[in-house]
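So you can see what is in the structure, the chains are spelled out below.
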Amino acid sequence: MTEGDQPCSLTTLMRARQHPWITSGTGKSHFVEALAHAAIENDMRVAWFTLETLTTAVGKAKVDGTIARAISKICGCDLIVIDLCRTRDYDDKSWR
């Protein structure tokens, strides 16, 4: 909480409510990287994926019959980060 017990915008998700499509360059990946480092420093298990690496890992596990083990390993983590991490600008509608 901030001074006067007013919640900060992060805890109220004010920015996400005002701008549901948060554009590139706002520090989302940097922020979750800091969260992940803090979690690791506190002996928590962290799984970090880009959307591409997660779909590749799940796809490979499905093919080789280890999907339950792969999902269990991921879900056993204290923090799971899935970073969209596209090379195009988030506002570029040409990829849709």
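So, a few notes on the structure that sits alongside this text. (Residues numbered from 1 in each chain as written. Predicted model: local features only at pLDDT ≥ 70, side-chain atom pairs only at ≥ 80, totals over all residues. Heavy atoms only, no water.)

1. Observations regarding the overall build of the protein
The following threshold applies: Strands are runs of DSSP state E lasting at least two residues, helices are runs of H or I lasting at least four, and both sets are numbered from the N terminus onward. Each residue is assigned to one of three classes by its accessible area relative to the maximum for its type, calculated with a 1.4 Å probe on protein chains only: buried under 20%, partly exposed between the two thresholds, exposed over 50%. Contacts: residue pairs with any heavy atoms within 4.5 Å of one another. With residues, only the protein chains shown are counted as cover, and all accessible areas are computed by Shrake-Rupley using a 1.4 Å probe.
Helix and strand counts for the protein come out as 5 helices and 2 strands. For the protein, the succession of helices and strands along the chain, N to C, is α-α-α-β-α-α-β. Residues classed as buried in the protein amount to 12% of the 96 residues present. Contacts spanning at least 24 positions in sequence make up 62% of the contacts within the protein whose residues lie at least 6 apart. Of the roughly 7600 Å² of accessible surface on the protein, a fraction of 58% belongs to carbon and sulfur atoms.

2. Notes on helix α4 (residues 51-64)
Cut-off, in case you're wondering: Expected helix span is given by 1.5 Å per residue-to-residue step, counting one fewer step than there are residues.
In this model α4 runs 20 Å from its N-terminal to its C-terminal C-alpha over 14 residues, within 8% of the 20 Å that 1.5 Å per residue would give. Looking one or two residues beyond α4, the residue adopting positive phi is glycine 65, at roughly 80°.

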